Amino acid sequence: DTGVSQDPRHKITKRGQNVTFRCDPISEHNRLYWYRQTLGQGPEFLTYFQNEAQLEKSRLLSDRFSAERPKGSFSTLEIQRTEQGDSAMYLCASSLAVGGEKLFFGSGTQLSVL
Amino acid sequence: AQSVTQLDSQVPVFEEAPVELRCNYSSSVSVYLFWYVQYPNQGLQLLLKYLSGSTLVKGINGFEAEFNKSQTSFHLRKPSVHISDTAEYFCVSLNTGFQKLVFGTGTRLLVSP
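Model, not experiment: these values are computed from the prediction. Here the residue numbering is sequential within each chain, running from 1 through the sequence in written order. Each chain is given a letter, starting from A, and each ligand a number, starting from 1, according to the order in which they appear as written. Owing to the predicted nature of the model, reporting of local features is limited to residues with pLDDT of at least 70; listing and counting of side-chain atom pairs is limited to 80 or more, with chain, interface and lining totals taken over all residues. Only hydrogens and water are removed before side-chain values are computed, so all heavy atoms of the structure are retained for them.

(A) Molecular detail of the overall build of chain A. Counting from the N terminus, the helices are DSSP H or I runs at least four residues long and the strands are E runs at least two residues long. Per the secondary structure count, chain A includes zero helices and eleven strands. This radius of gyration counts C-alpha atoms alone. The globule rule is 2.2 Å times how many residues there are, raised to the power 0.38. Taking 2.2 N^0.38 as the reference for a compact globule, 114 residues should give roughly 13 Å; the C-alpha atoms of chain A span a radius of gyration of 13 Å, in line with that estimate. Considered along the principal axes of its C-alpha atoms, chain A spans approximately 40 × 25 × 25 Å. Out of the 114 residues belonging to chain A, those deemed buried represent 45%. Across chain A, the fraction of contacts at a sequence separation of at least 24, relative to all contacts at a separation of at least 6, is 53%. Surface accessibility follows the Shrake-Rupley procedure with a 1.4 Å probe radius. Residue values consider only the protein chains on display as shielding. Surface summary for chain A: the accessible area is close to 5,800 Å², and the carbon and sulfur share equals 45%. On chain A, the mean spot of the 14 positive side-chain charges and the mean spot of the 13 negative ones are 5 Å from each other. To sort residues, take the accessible area from a 1.4 Å probe on protein chains only and compare it with the maximum for the residue type: under 20% means buried, over 50% means exposed, and anything in between is partly exposed. Whether two residues touch is decided by their heavy atoms; if any such pair falls within 4.5 Å, the residues are in contact. All tallies of charge rest on Lys and Arg as positive and Asp and Glu as negative; His and the ends of each chain are not included. Each charge is placed at NZ for Lys, CZ for Arg, CG for Asp and CD for Glu.

Shown next as structure tokens:
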């Protein structure tokens, strides 16, 4: 059973550097979500895709953040010119469009910006 | 806008004792509510969901929750907890169109022997 996988598990970077995370959803799932979770908080919605189309972006997603899902399969989340406030766990989830209330989450990528 | 409020950030309990994790929601429209669980070093998992119908919903691992419209609550309960239930529990609402989940701040359940 291949669930949602995220790579890398951990990323340490210096302020000002660019980072890219990858998410591989469950293969038959056409919806893909990105969430961000900071310590002591619940996950916050960033953006979601239906197939390759990015349908909604949160106001949390500044212009330094960009997400893609070019072929409707895996997705990447890039953060340019990282800031210390970007330090968080970045979670990816996928679901079917029908019955899409059940999301399957990956284990996340923990980003630390020094 | 819809939101959920989890009233307790941490709930310590002894093994085999009952537990209730509290959640209140606010929404002016039809509401869909969930509880997700996050075990240490694992991804979030759906515990149970309320979409419509019976207000008492049963989930995995012996958990259940009751949707109470008059009190705008969706509390999670388990009659007897195990050490393995130690985890972070999130009350979650879903906007119409099933587009995105809105998470509460979480309640850490700590079960000790």
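(B) Highlighting the state of the cysteines. Residues and elements named next belong to chain A. Any two cysteine sulfur atoms lying within 2.5 Å of each other are counted as a disulfide. One pass over the structure, following the stated rule, counts two disulfides over all chains. In this model, Cys-23 is linked to Cys-92 through a disulfide, with the two sulfur atoms separated by 1.8 Å. Classification of the bridge connecting Cys-23 and Cys-92 rests on its S-S torsion, roughly -70°, and on that basis the disulfide is left-handed. Of this pair, Cys-23 sits in strand E3 (residues 19–24) while Cys-92 sits in strand E9 (residues 88–95); the two residues are 69 residues apart in sequence, bridging distant segments of the chain. On the basis of relative accessibility, which here comes to 0%, the residue Cys-23 falls in the buried class. For Cys-92, a relative accessible area of 0% corresponds to the buried category.

(C) Structural detail: the packing of aromatic side chains. For Phe, Tyr and Trp, where Trp contributes only its six-membered ring, two rings pair if their centres lie within 6.5 Å, and the inter-plane angle classes them as stacked under 30 degrees, edge-to-face over 60, or tilted in between. Applying the stated rule across the entire model yields 16 aromatic pairs over all chains. Between Tyr-33 of chain A and Tyr-48 of chain A, the aromatic rings sit 5.2 Å apart at their centres with planes inclined by 15°, giving stacked as the arrangement. Within this pair, whereas Tyr-33 of chain A is found in strand E4 (residues 31–37), its partner Tyr-48 of chain A is found in strand E5 (residues 44–50), the two being separated by 15 residues in sequence. Just as Tyr-33 of chain A is buried, Tyr-48 of chain A falls in that class too. An aromatic cluster is defined as three or more aromatic residues linked by ring pairs; in this entry it consists of Tyr-33, Tyr-35, Phe-45, Tyr-48 and Phe-105 of chain A together with Phe-34, Tyr-36, Phe-90 and Phe-103 of chain B. To sit over a ring, a charge needs its Lys NZ or Arg CZ within 6 Å of the ring centre and within 35 degrees of the ring normal. Residue placement shows Arg-22 of chain A over the ring face of Phe-74 of chain A; its charged tip is 3.9 Å from the ring centre.

(D) View of the confidence of the model for chain B. Summing up the model confidence of chain B, the mean pLDDT is 90 and the portion of residues at 70 or higher is 93%. At the low end of the mean pLDDT range in chain B sits strand E11 (residues 101–103) of chain B, at 88; at the high end sits strand E3 (residues 19–21) of chain B, at 98. Every residue gets a pLDDT, meaning the predictor's confidence in that residue, from 0 to 100.

(E) View of the side chain of Glu-88 of chain B. Residue and element names in this part refer to chain B. Its location among the elements puts Glu-88 in strand E10 (residues 87–94). Within the local environment of Glu-88, its side chain forms a polar contact with the side chain of Arg-108, the two groups lying 3.0 Å apart. The residues contacting Glu-88, other than those within four sequence positions of it, are Tyr-36, Val-37, Gln-38, Thr-105, Gly-106, Thr-107 and Arg-108. Pairing of N or O atoms within 3.5 Å defines a polar contact, subject to two protein rules: one partner must be a possible hydrogen donor and the other a possible acceptor, and residues neighboring in sequence count only if both atoms are side-chain atoms.

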